Amino acid sequence: MSKLPNDFLWGGALAANQFEGGYDQGGKGLSVIDVMTAGAHGKAREITQDVEPDKYYPNHVGIDFYNRYKEDVKMFSDMGLKCLRTSIAWTRIFPKGDEVEPNEEGLQFYDDLFDELLKYKIQPVITLSHFEMPLHLAREYGGFRNRKVADFFAHFAETVFNRYKDKVKYWMTFNEINNQMDINNPIFLWTNSGVSLKEDDNKEEVLYQVAHNELIASAKAVKIGKEINPEFEIGAMISHVPIYPYSCNPNDIMEAEVASRMRFFFPDVHARGYYPGYATKMFEREGFDIGWQEGDDEILRDGKVDYIGFSYYMSTVVKHDNEASVEDNIVNGGLPNSVDNPYIKKSDWGWAIDPVGLRYILNALYNRYQIPLFIVENGFGAVDEFDENGFGAVDEFDENGQIHDDYRVDYLREHIKAAIDAVDKDGVDLMGYTPWGIIDIVSFTTGEMKKRYGLIHVDRDNEGNGSLERTKKDSFDWYRNVIESNGEEL
Ligand code: BG6
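Conventions and cut-offs
Residue numbers run consecutively from 1 along every chain, following the written order of its sequence. A pLDDT threshold of at least 70 governs which residues receive local features in this predicted model, and a stricter bar of 80 or more applies before side-chain atom pairs are shown or counted, although totals over entire chains, interfaces and linings include all residues. To obtain the side-chain values, all non-hydrogen atoms of the structure were used and water was disregarded. Residues are labelled near a given molecule or strand when at least one of their non-hydrogen atoms is within 4 Å of it. Under this definition, polar contacts are N or O atom pairs within 3.5 Å; protein pairs additionally need one hydrogen-donor-capable and one acceptor-capable atom, and for neighbouring residues in sequence, both atoms have to be side-chain atoms. Computed with a 1.4 Å probe, the accessible areas rest on the Shrake-Rupley method; for each residue, only the protein chains presented here act as cover. All residues other than Ala, Val, Leu, Ile, Met, Phe, Trp, Tyr, Cys, Pro, Asp, Glu, Lys and Arg, Gly among them, are scored as polar; the first ten of these are nonpolar and the last four charged. Only buried Ala, Val, Leu, Ile, Met, Phe, Trp, Tyr and Cys residues count toward a nonpolar core, and they belong to the same one when joined by side-chain atoms within 4.5 Å. Relative accessible area decides the class of each residue, using a 1.4 Å probe on protein chains only: under 20% of the type maximum gives buried, over 50% gives exposed, and in between gives partly exposed. Runs of H or I in DSSP of at least four residues are treated as helices and runs of E of at least two as strands, each being numbered from the N terminus. Whether two residues touch is decided by their heavy atoms; if any such pair falls within 4.5 Å, the residues are in contact. DSSP calls a pair of strands paired once it identifies at least 2 bridges connecting them. Centre distance within 6.5 Å is the pairing criterion for rings of Phe, Tyr and Trp, where only the six-membered ring of Trp is used; planes under 30 degrees apart are then read as stacked, over 60 as edge-to-face, and the remainder as tilted. Whether a charge sits over a ring depends on NZ of Lys or CZ of Arg being within 6 Å of the ring centre and within 35 degrees of the ring normal.

The next thing to look at is the site of the ligand. Taken together, the neighbourhood of the ligand is formed by 14 residues, with Gln18, Glu176, Glu377, Thr445 and Tyr453 sitting nearest. Within the side chain of Glu377, a nitrogen or oxygen atom sits 2.7 Å from an oxygen atom of the ligand. Isolated, the ligand exposes 380 Å² of accessible area, and the fraction of that covered by the protein chains is 96%. Here the residues of the shell around the ligand are counted per class, giving six nonpolar, five polar and three charged.

This brings us to the nonpolar core. Judged by nonpolar contacts, the single largest core of 142 residues is most densely connected at Trp171 and Tyr479. Ranked by residues supplied to this core, first place goes to helix H8 (residues 203-228) with twelve residues. Excluding anything up to four places from it in sequence, Tyr479 contacts Trp10, Gly11, Met79, Leu81, Tyr433, Pro435, Ile438 and Leu455.

Attention shifts here to the pairing of strand E10 (residues 373-377). Within E10, five of the five residues are buried, leaving the element largely enclosed by the surrounding structure. Judged from the four bridges that link them, strand E7 (residues 307-311) and E10 form a sheet pairing that is parallel. Across the sheet, the residue bridging to Ser311 is Glu377, located in E10. Pairing of E10 with strand E11 (residues 430-433), which is carried by two bridges, proceeds in the parallel orientation. Within E11, the residue paired with Leu373 across the bridge is Leu430.

This part takes up the packing of aromatic side chains. Per the stated rule, a full pass over the model turns up 36 aromatic pairs. For the pair Phe8 and Trp10, a centre-to-centre distance of 4.9 Å together with 70° between the ring planes defines the contact as edge-to-face. The burial state of Phe8 is the same as that of Trp10; both residues are buried. One aromatic cluster is present, built from ring pairs that chain together Phe19, Phe65, Tyr66, Tyr69, Phe109, Tyr110, Phe114 and Tyr164. The ring of Phe109 is capped by Arg92, whose NZ or CZ atom sits 5.4 Å from the centre of that ring. Between Arg368 and the ring centre of Phe264, over which it is positioned, the NZ or CZ distance is 4.0 Å.

Written as C-alpha coordinates, this is what we have:
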(Lines give C-alpha, C1' and ligand atoms only; values in the text may rest on other atoms or scores of the structure.)
Protein backbone atom coordinates (compact mmCIF):
# COMPACT_ATOMS: atom_id res chain seq x y z
CA MET A 1 0.00 0.00 0.00
CA SER A 2 1.22 3.48 -0.81
CA LYS A 3 2.59 5.57 2.02
CA LEU A 4 1.19 8.66 0.36
CA PRO A 5 -2.46 9.75 0.26
CA ASN A 6 -4.39 8.71 -2.86
CA ASP A 7 -5.00 12.30 -3.85
CA PHE A 8 -1.30 13.22 -3.64
CA LEU A 9 -0.65 15.92 -6.24
CA TRP A 10 2.14 14.60 -8.44
CA GLY A 11 2.97 17.18 -11.03
CA GLY A 12 5.49 19.42 -12.67
CA ALA A 13 6.35 23.08 -12.13
CA LEU A 14 6.93 25.95 -14.56
CA ALA A 15 6.60 29.72 -14.65
CA ALA A 16 4.94 31.78 -17.38
CA ASN A 17 7.92 34.03 -18.01
CA GLN A 18 10.38 31.15 -18.38
CA PHE A 19 8.50 29.07 -20.91
CA GLU A 20 5.48 30.78 -22.46
CA GLY A 21 7.31 33.14 -24.80
CA GLY A 22 4.85 35.14 -26.93
CA TYR A 23 6.05 38.16 -24.99
CA ASP A 24 4.26 40.57 -27.32
CA GLN A 25 1.39 38.36 -28.44
CA GLY A 26 -2.25 38.56 -27.43
CA GLY A 27 -1.99 42.14 -26.21
CA LYS A 28 0.60 41.28 -23.55
CA GLY A 29 2.54 44.17 -22.04
CA LEU A 30 6.22 44.21 -21.14
CA SER A 31 7.15 42.65 -17.84
CA VAL A 32 10.26 43.24 -15.73
CA ILE A 33 11.73 39.98 -17.01
CA ASP A 34 11.33 41.12 -20.63
CA VAL A 35 14.17 43.59 -20.15
CA MET A 36 16.59 41.03 -18.75
CA THR A 37 19.30 39.80 -21.10
CA ALA A 38 20.92 36.38 -20.97
CA GLY A 39 23.79 35.88 -18.54
CA ALA A 40 25.80 32.77 -17.74
CA HIS A 41 27.12 30.94 -14.70
CA GLY A 42 29.13 33.63 -12.90
CA LYS A 43 27.89 36.37 -15.27
CA ALA A 44 24.87 38.31 -14.05
CA ARG A 45 21.95 39.08 -16.35
CA GLU A 46 21.69 42.71 -17.37
CA ILE A 47 18.54 44.74 -16.73
CA THR A 48 18.10 47.20 -19.60
CA GLN A 49 15.95 50.32 -19.53
CA ASP A 50 13.70 49.04 -22.30
CA VAL A 51 13.92 46.29 -24.94
CA GLU A 52 17.08 47.12 -26.94
CA PRO A 53 17.15 45.79 -30.51
CA ASP A 54 20.75 44.50 -30.46
CA LYS A 55 20.43 42.53 -27.21
CA TYR A 56 19.23 38.98 -26.64
CA TYR A 57 16.31 38.45 -24.26
CA PRO A 58 15.78 34.71 -23.85
CA ASN A 59 12.40 34.99 -22.11
CA HIS A 60 10.80 36.61 -25.14
CA VAL A 61 10.46 33.26 -26.85
CA GLY A 62 10.99 30.93 -23.88
CA ILE A 63 10.13 27.54 -25.37
CA ASP A 64 7.16 28.99 -27.26
CA PHE A 65 4.59 27.28 -25.06
CA TYR A 66 2.16 30.08 -25.88
CA ASN A 67 1.86 28.72 -29.41
CA ARG A 68 2.41 25.04 -28.64
CA TYR A 69 0.58 24.46 -25.41
CA LYS A 70 -1.68 21.73 -26.79
CA GLU A 71 1.26 19.57 -27.80
CA ASP A 72 2.94 20.11 -24.42
CA VAL A 73 -0.16 19.47 -22.34
CA LYS A 74 -0.63 16.22 -24.24
CA MET A 75 2.91 15.20 -23.26
CA PHE A 76 2.24 16.14 -19.62
CA SER A 77 -0.80 13.93 -19.74
CA ASP A 78 1.27 11.07 -21.21
CA MET A 79 3.60 11.52 -18.27
CA GLY A 80 0.64 11.00 -15.97
CA LEU A 81 0.76 14.40 -14.26
CA LYS A 82 -2.07 15.05 -11.84
CA CYS A 83 -1.30 18.74 -11.63
CA LEU A 84 0.69 21.41 -13.40
CA ARG A 85 2.10 24.29 -11.44
CA THR A 86 2.48 27.38 -13.59
CA SER A 87 1.84 31.09 -13.25
CA ILE A 88 -0.38 33.67 -14.88
CA ALA A 89 1.60 36.42 -16.59
CA TRP A 90 0.21 39.55 -14.93
CA THR A 91 1.03 41.47 -18.15
CA ARG A 92 -1.29 39.30 -20.25
CA ILE A 93 -4.19 40.32 -18.03
CA PHE A 94 -3.16 43.92 -17.24
CA PRO A 95 -0.48 44.91 -19.77
CA LYS A 96 0.57 47.97 -17.78
CA GLY A 97 -0.74 46.94 -14.41
CA ASP A 98 -2.76 50.03 -13.51
CA GLU A 99 -5.70 49.54 -15.88
CA VAL A 100 -9.20 49.02 -14.53
CA GLU A 101 -10.34 46.70 -17.32
CA PRO A 102 -8.45 43.50 -18.10
CA ASN A 103 -7.22 42.37 -21.51
CA GLU A 104 -9.75 39.81 -22.72
CA GLU A 105 -7.30 38.07 -25.04
CA GLY A 106 -4.99 37.37 -22.14
CA LEU A 107 -7.81 36.01 -20.00
CA GLN A 108 -8.92 33.82 -22.88
CA PHE A 109 -5.47 32.30 -23.26
CA TYR A 110 -5.58 30.96 -19.69
CA ASP A 111 -9.18 29.80 -20.13
CA ASP A 112 -8.03 27.75 -23.08
CA LEU A 113 -4.96 26.46 -21.26
CA PHE A 114 -6.90 25.46 -18.14
CA ASP A 115 -9.58 23.77 -20.27
CA GLU A 116 -6.88 21.83 -22.05
CA LEU A 117 -5.36 20.74 -18.73
CA LEU A 118 -8.71 19.79 -17.25
CA LYS A 119 -9.55 17.79 -20.36
CA TYR A 120 -6.70 15.47 -19.28
CA LYS A 121 -7.64 15.72 -15.58
CA ILE A 122 -4.56 17.78 -14.80
CA GLN A 123 -5.27 20.30 -12.03
CA PRO A 124 -3.80 23.75 -12.61
CA VAL A 125 -1.81 25.00 -9.58
CA ILE A 126 -1.37 28.70 -10.14
CA THR A 127 1.16 31.21 -8.86
CA LEU A 128 -0.16 34.74 -9.23
CA SER A 129 3.26 36.32 -9.58
CA HIS A 130 6.30 34.27 -10.48
CA PHE A 131 9.27 36.62 -10.89
CA GLU A 132 7.46 39.07 -13.13
CA MET A 133 5.22 42.08 -12.96
CA PRO A 134 4.33 44.85 -15.41
CA LEU A 135 7.39 46.92 -16.32
CA HIS A 136 5.20 50.02 -16.21
CA LEU A 137 4.53 49.44 -12.49
CA ALA A 138 8.25 49.11 -11.87
CA ARG A 139 9.26 52.20 -13.84
CA GLU A 140 6.39 54.54 -13.02
CA TYR A 141 5.50 53.51 -9.50
CA GLY A 142 8.75 52.03 -8.17
CA GLY A 143 7.28 48.52 -7.95
CA PHE A 144 6.31 47.18 -4.54
CA ARG A 145 8.11 50.01 -2.89
CA ASN A 146 4.86 51.82 -3.54
CA ARG A 147 1.82 50.72 -1.57
CA LYS A 148 -0.46 51.44 -4.56
CA VAL A 149 1.07 48.44 -6.29
CA ALA A 150 -0.37 46.20 -3.58
CA ASP A 151 -3.82 47.40 -4.66
CA PHE A 152 -3.06 46.79 -8.33
CA PHE A 153 -1.99 43.29 -7.39
CA ALA A 154 -5.18 42.73 -5.41
CA HIS A 155 -7.22 43.88 -8.42
CA PHE A 156 -5.30 41.49 -10.67
CA ALA A 157 -5.87 38.66 -8.17
CA GLU A 158 -9.58 39.42 -7.90
CA THR A 159 -9.91 39.44 -11.69
CA VAL A 160 -8.33 36.05 -12.20
CA PHE A 161 -9.95 34.49 -9.11
CA ASN A 162 -13.34 35.48 -10.49
CA ARG A 163 -12.62 34.36 -14.00
CA TYR A 164 -11.14 30.96 -13.09
CA LYS A 165 -13.11 30.21 -9.93
CA ASP A 166 -14.48 26.98 -11.38
CA LYS A 167 -11.26 25.88 -13.09
CA VAL A 168 -8.50 26.46 -10.55
CA LYS A 169 -8.57 25.35 -6.92
CA TYR A 170 -4.90 25.67 -5.88
CA TRP A 171 -3.22 29.08 -5.86
CA MET A 172 -0.07 30.70 -4.51
CA THR A 173 0.51 34.43 -4.22
CA PHE A 174 4.22 35.31 -4.76
CA ASN A 175 6.89 32.91 -5.92
CA GLU A 176 9.89 32.67 -3.57
CA ILE A 177 8.87 35.90 -1.89
CA ASN A 178 11.83 35.63 0.50
CA ASN A 179 14.56 35.59 -2.14
CA GLN A 180 14.56 39.35 -2.47
CA MET A 181 16.01 39.69 1.02
CA ASP A 182 19.41 38.81 -0.41
CA ILE A 183 20.79 42.31 -0.34
CA ASN A 184 23.79 41.44 -2.53
CA ASN A 185 21.75 40.21 -5.45
CA PRO A 186 19.71 43.04 -7.07
CA ILE A 187 18.15 40.67 -9.61
CA PHE A 188 15.71 39.20 -7.10
CA LEU A 189 14.49 42.57 -5.90
CA TRP A 190 13.84 43.50 -9.51
CA THR A 191 12.07 40.31 -10.55
CA ASN A 192 10.11 39.77 -7.31
CA SER A 193 9.08 43.34 -6.77
CA GLY A 194 10.08 45.63 -9.63
CA VAL A 195 12.40 47.56 -7.34
CA SER A 196 15.82 49.05 -8.11
CA LEU A 197 17.67 50.42 -5.10
CA LYS A 198 19.01 53.98 -5.17
CA GLU A 199 22.41 55.12 -3.93
CA ASP A 200 21.12 56.86 -0.83
CA ASP A 201 18.61 54.18 0.15
CA ASN A 202 18.84 52.53 3.51
CA LYS A 203 18.79 49.21 1.69
CA GLU A 204 17.60 47.07 4.54
CA GLU A 205 14.82 49.42 5.47
CA VAL A 206 13.63 49.54 1.85
CA LEU A 207 13.71 45.75 1.70
CA TYR A 208 11.35 45.54 4.66
CA GLN A 209 9.05 48.24 3.23
CA VAL A 210 8.82 46.25 0.01
CA ALA A 211 8.28 43.06 2.00
CA HIS A 212 5.50 44.68 4.00
CA ASN A 213 3.69 45.90 0.89
CA GLU A 214 3.93 42.45 -0.62
CA LEU A 215 2.74 40.70 2.52
CA ILE A 216 -0.22 43.08 2.57
CA ALA A 217 -0.86 42.38 -1.13
CA SER A 218 -0.74 38.64 -0.49
CA ALA A 219 -3.08 38.85 2.51
CA LYS A 220 -5.57 40.97 0.57
CA ALA A 221 -5.52 38.47 -2.26
CA VAL A 222 -6.12 35.54 0.11
CA LYS A 223 -9.13 37.24 1.67
CA ILE A 224 -10.62 38.20 -1.70
CA GLY A 225 -10.03 34.69 -3.05
CA LYS A 226 -11.75 32.97 -0.14
CA GLU A 227 -14.75 35.26 -0.55
CA ILE A 228 -14.99 34.40 -4.23
CA ASN A 229 -14.68 30.67 -3.66
CA PRO A 230 -14.35 29.28 -0.12
CA GLU A 231 -13.08 26.03 -1.65
CA PHE A 232 -9.91 27.72 -2.90
CA GLU A 233 -6.66 26.59 -1.31
CA ILE A 234 -4.37 29.61 -1.36
CA GLY A 235 -0.78 29.19 -0.30
CA ALA A 236 2.43 31.10 0.19
CA MET A 237 5.53 30.18 -1.79
CA ILE A 238 8.98 30.45 -0.29
CA SER A 239 12.42 29.28 -1.24
CA HIS A 240 13.75 27.14 1.53
CA VAL A 241 17.47 26.56 1.83
CA PRO A 242 17.95 25.12 5.32
CA ILE A 243 20.82 26.62 7.27
CA TYR A 244 22.85 24.13 9.30
CA PRO A 245 25.27 25.04 12.08
CA TYR A 246 28.84 24.14 11.13
CA SER A 247 29.47 22.40 14.46
CA CYS A 248 28.03 21.80 17.92
CA ASN A 249 29.78 24.95 19.10
CA PRO A 250 26.85 26.86 20.67
CA ASN A 251 27.92 29.94 18.74
CA ASP A 252 27.47 28.08 15.46
CA ILE A 253 24.07 26.81 16.63
CA MET A 254 22.98 30.35 17.48
CA GLU A 255 24.40 31.67 14.22
CA ALA A 256 22.25 29.18 12.31
CA GLU A 257 19.19 30.00 14.41
CA VAL A 258 19.52 33.73 13.79
CA ALA A 259 20.36 33.33 10.09
CA SER A 260 17.32 31.08 9.64
CA ARG A 261 15.06 34.00 10.48
CA MET A 262 15.72 35.22 6.95
CA ARG A 263 14.09 31.99 5.79
CA PHE A 264 11.16 32.01 8.22
CA PHE A 265 10.31 35.70 8.23
CA PHE A 266 7.83 35.53 5.33
CA PRO A 267 6.11 32.25 6.16
CA ASP A 268 5.85 33.38 9.79
CA VAL A 269 3.73 36.34 8.68
CA HIS A 270 1.89 34.47 5.91
CA ALA A 271 0.90 31.58 8.16
CA ARG A 272 0.36 33.30 11.50
CA GLY A 273 -1.00 36.62 10.31
CA TYR A 274 1.32 38.84 12.35
CA TYR A 275 4.98 39.80 12.52
CA PRO A 276 7.24 37.62 14.67
CA GLY A 277 8.91 39.12 17.75
CA TYR A 278 12.43 38.93 16.32
CA ALA A 279 11.28 41.16 13.41
CA THR A 280 9.43 43.79 15.44
CA LYS A 281 12.41 43.99 17.83
CA MET A 282 14.73 44.47 14.90
CA PHE A 283 12.56 47.22 13.37
CA GLU A 284 12.61 48.99 16.75
CA ARG A 285 16.33 48.55 17.24
CA GLU A 286 17.21 49.76 13.75
CA GLY A 287 14.59 52.50 13.71
CA PHE A 288 13.01 51.08 10.53
CA ASP A 289 9.77 52.53 9.26
CA ILE A 290 8.21 49.74 7.23
CA GLY A 291 5.26 51.85 6.12
CA TRP A 292 2.75 50.34 8.53
CA GLN A 293 -0.76 51.75 8.09
CA GLU A 294 -3.74 51.64 10.36
CA GLY A 295 -5.70 48.45 9.77
CA ASP A 296 -2.70 46.44 8.58
CA ASP A 297 -2.97 44.08 11.53
CA GLU A 298 -6.50 43.08 10.44
CA ILE A 299 -5.43 42.69 6.82
CA LEU A 300 -2.61 40.33 7.81
CA ARG A 301 -4.77 38.44 10.27
CA ASP A 302 -7.57 37.96 7.74
CA GLY A 303 -5.24 36.87 4.96
CA LYS A 304 -3.50 33.84 6.42
CA VAL A 305 -2.55 31.22 3.88
CA ASP A 306 -3.96 27.69 3.76
CA TYR A 307 -0.67 25.98 3.03
CA ILE A 308 3.02 26.63 2.50
CA GLY A 309 4.40 25.87 -0.93
CA PHE A 310 8.15 25.86 -1.12
CA SER A 311 11.09 25.19 -3.39
CA TYR A 312 13.93 23.03 -2.21
CA TYR A 313 17.17 22.64 -4.11
CA MET A 314 20.00 22.72 -1.59
CA SER A 315 21.13 23.35 1.96
CA THR A 316 23.81 25.59 3.37
CA VAL A 317 26.02 25.83 6.46
CA VAL A 318 27.07 28.74 8.66
CA LYS A 319 30.11 29.06 10.90
CA HIS A 320 30.04 31.93 13.36
CA ASP A 321 33.67 33.01 12.89
CA ASN A 322 33.97 32.57 9.13
CA GLU A 323 34.40 35.55 6.82
CA ALA A 324 33.94 34.63 3.17
CA SER A 325 33.62 37.03 0.26
CA VAL A 326 30.24 38.16 -1.01
CA GLU A 327 30.87 36.42 -4.36
CA ASP A 328 31.51 33.11 -2.58
CA ASN A 329 28.24 33.44 -0.83
CA ILE A 330 25.84 34.55 -3.52
CA VAL A 331 24.99 30.97 -4.39
CA ASN A 332 24.43 30.16 -0.72
CA GLY A 333 21.83 32.85 -0.30
CA GLY A 334 24.24 35.67 0.44
CA LEU A 335 24.98 34.52 3.97
CA PRO A 336 28.15 36.19 5.22
CA ASN A 337 29.23 33.20 7.29
CA SER A 338 28.44 30.32 4.99
CA VAL A 339 30.94 27.56 4.37
CA ASP A 340 30.97 24.40 2.27
CA ASN A 341 29.44 21.31 3.77
CA PRO A 342 32.15 18.62 3.70
CA TYR A 343 29.52 15.83 3.67
CA ILE A 344 27.67 16.98 0.57
CA LYS A 345 28.40 17.10 -3.17
CA LYS A 346 27.55 20.08 -5.32
CA SER A 347 25.99 20.39 -8.74
CA ASP A 348 27.79 22.09 -11.62
CA TRP A 349 26.30 25.35 -10.41
CA GLY A 350 27.62 24.93 -6.89
CA TRP A 351 24.23 23.94 -5.43
CA ALA A 352 24.70 21.48 -2.54
CA ILE A 353 22.71 18.31 -3.21
CA ASP A 354 21.13 17.19 0.04
CA PRO A 355 18.00 14.99 0.03
CA VAL A 356 18.03 14.59 3.83
CA GLY A 357 17.76 18.38 4.01
CA LEU A 358 14.34 18.05 2.38
CA ARG A 359 13.05 15.76 5.13
CA TYR A 360 14.62 18.05 7.70
CA ILE A 361 12.92 21.13 6.34
CA LEU A 362 9.55 19.42 5.88
CA ASN A 363 9.70 18.67 9.59
CA ALA A 364 10.87 22.14 10.54
CA LEU A 365 8.09 23.85 8.55
CA TYR A 366 5.37 21.47 9.67
CA ASN A 367 6.34 21.64 13.32
CA ARG A 368 6.37 25.41 13.15
CA TYR A 369 3.05 26.00 11.35
CA GLN A 370 0.99 22.79 11.49
CA ILE A 371 -0.58 23.51 8.10
CA PRO A 372 -0.20 21.45 4.91
CA LEU A 373 2.99 21.73 2.88
CA PHE A 374 3.50 21.44 -0.86
CA ILE A 375 6.90 20.86 -2.50
CA VAL A 376 6.35 23.02 -5.56
CA GLU A 377 9.94 23.01 -6.86
CA ASN A 378 12.82 20.59 -6.65
CA GLY A 379 15.10 19.41 -9.38
CA PHE A 380 18.41 18.96 -11.00
CA GLY A 381 19.86 21.32 -13.60
CA ALA A 382 22.28 19.32 -15.71
CA VAL A 383 25.07 20.17 -18.11
CA ASP A 384 28.79 19.58 -18.42
CA GLU A 385 30.96 16.59 -17.81
CA PHE A 386 31.30 14.21 -14.91
CA ASP A 387 33.91 15.54 -12.51
CA GLU A 388 36.53 13.55 -10.59
CA ASN A 389 33.90 12.61 -7.97
CA GLY A 390 31.64 11.17 -10.61
CA PHE A 391 29.43 14.18 -10.31
CA GLY A 392 28.06 16.41 -13.04
CA ALA A 393 25.92 15.49 -15.95
CA VAL A 394 25.15 16.22 -19.55
CA ASP A 395 21.85 15.85 -21.35
CA GLU A 396 23.09 14.47 -24.66
CA PHE A 397 21.43 12.36 -27.31
CA ASP A 398 22.88 8.91 -27.99
CA GLU A 399 23.02 7.41 -31.49
CA ASN A 400 19.37 6.30 -31.14
CA GLY A 401 18.17 9.76 -30.28
CA GLN A 402 17.69 8.98 -26.55
CA ILE A 403 18.79 11.02 -23.52
CA HIS A 404 19.82 8.82 -20.60
CA ASP A 405 19.54 11.21 -17.67
CA ASP A 406 20.06 8.78 -14.79
CA TYR A 407 21.66 11.58 -12.73
CA ARG A 408 18.32 13.40 -12.80
CA VAL A 409 16.44 10.24 -11.88
CA ASP A 410 18.87 9.64 -8.99
CA TYR A 411 18.37 13.18 -7.74
CA LEU A 412 14.58 13.05 -7.93
CA ARG A 413 14.42 9.53 -6.47
CA GLU A 414 16.43 10.46 -3.38
CA HIS A 415 14.38 13.59 -2.78
CA ILE A 416 11.07 11.77 -3.24
CA LYS A 417 12.25 9.11 -0.76
CA ALA A 418 13.05 11.84 1.75
CA ALA A 419 9.61 13.37 1.23
CA ILE A 420 7.91 10.00 1.71
CA ASP A 421 9.86 9.51 4.95
CA ALA A 422 8.61 12.86 6.17
CA VAL A 423 5.02 11.76 5.52
CA ASP A 424 5.30 8.16 6.59
CA LYS A 425 7.70 8.36 9.52
CA ASP A 426 7.27 11.93 10.71
CA GLY A 427 3.57 12.55 10.05
CA VAL A 428 4.02 15.62 7.89
CA ASP A 429 0.92 16.69 5.95
CA LEU A 430 2.27 16.93 2.41
CA MET A 431 -0.08 17.84 -0.46
CA GLY A 432 2.11 17.11 -3.43
CA TYR A 433 5.36 17.25 -5.30
CA THR A 434 6.03 19.17 -8.52
CA PRO A 435 9.60 18.92 -9.82
CA TRP A 436 10.91 22.13 -11.31
CA GLY A 437 11.15 22.63 -15.06
CA ILE A 438 9.30 19.46 -16.03
CA ILE A 439 10.17 20.45 -19.60
CA ASP A 440 13.42 22.30 -20.41
CA ILE A 441 12.96 26.05 -20.03
CA VAL A 442 15.00 29.24 -19.70
CA SER A 443 16.99 29.30 -16.47
CA PHE A 444 15.95 32.04 -14.12
CA THR A 445 19.33 32.98 -12.66
CA THR A 446 21.42 32.76 -15.81
CA GLY A 447 18.88 33.07 -18.63
CA GLU A 448 20.52 30.06 -20.28
CA MET A 449 18.82 27.11 -21.94
CA LYS A 450 21.71 24.80 -21.17
CA LYS A 451 20.82 24.54 -17.50
CA ARG A 452 18.29 21.82 -18.13
CA TYR A 453 15.88 20.46 -15.51
CA GLY A 454 13.39 18.91 -17.90
CA LEU A 455 12.11 15.38 -18.23
CA ILE A 456 11.34 16.53 -21.75
CA HIS A 457 14.15 17.93 -23.89
CA VAL A 458 13.59 21.08 -25.97
CA ASP A 459 15.79 21.76 -28.96
CA ARG A 460 16.94 25.29 -28.28
CA ASP A 461 20.34 26.67 -27.28
CA ASN A 462 21.65 29.66 -25.35
CA GLU A 463 21.69 31.86 -28.45
CA GLY A 464 18.12 31.02 -29.43
CA ASN A 465 18.95 28.49 -32.16
CA GLY A 466 17.10 25.20 -32.54
CA SER A 467 13.86 23.72 -33.83
CA LEU A 468 12.08 23.81 -30.43
CA GLU A 469 11.24 20.15 -30.99
CA ARG A 470 10.29 18.20 -27.84
CA THR A 471 11.81 14.78 -26.98
CA LYS A 472 11.22 12.58 -23.93
CA LYS A 473 14.26 11.82 -21.76
CA ASP A 474 14.60 8.55 -19.83
CA SER A 475 13.37 10.34 -16.71
CA PHE A 476 9.99 10.82 -18.43
CA ASP A 477 9.01 7.14 -18.25
CA TRP A 478 10.58 6.71 -14.85
CA TYR A 479 8.47 9.55 -13.42
CA ARG A 480 5.31 8.25 -15.09
CA ASN A 481 5.80 4.99 -13.25
CA VAL A 482 6.45 6.79 -9.96
CA ILE A 483 3.15 8.60 -10.36
CA GLU A 484 1.27 5.49 -11.41
CA SER A 485 2.52 3.61 -8.35
CA ASN A 486 1.90 6.64 -6.10
CA GLY A 487 5.56 6.68 -5.10
CA GLU A 488 5.87 2.94 -4.43
CA GLU A 489 8.11 2.24 -7.43
CA LEU A 490 11.11 4.50 -7.35
C1 BG6 B 1 13.66 29.01 -8.29
C2 BG6 B 1 12.67 29.75 -9.13
O3 BG6 B 1 14.44 29.95 -7.67
O4 BG6 B 1 14.62 28.23 -8.89
C5 BG6 B 1 12.60 29.34 -10.58
O6 BG6 B 1 11.39 29.78 -8.55
C7 BG6 B 1 13.98 28.98 -11.07
O8 BG6 B 1 11.98 30.36 -11.29
C9 BG6 B 1 14.49 27.83 -10.24
O10 BG6 B 1 14.05 28.70 -12.42
C11 BG6 B 1 15.82 27.27 -10.69
O12 BG6 B 1 16.74 28.30 -10.89
P13 BG6 B 1 17.56 28.37 -12.25
O14 BG6 B 1 18.33 29.59 -12.15
O15 BG6 B 1 18.38 27.15 -12.27
O16 BG6 B 1 16.55 28.41 -13.34
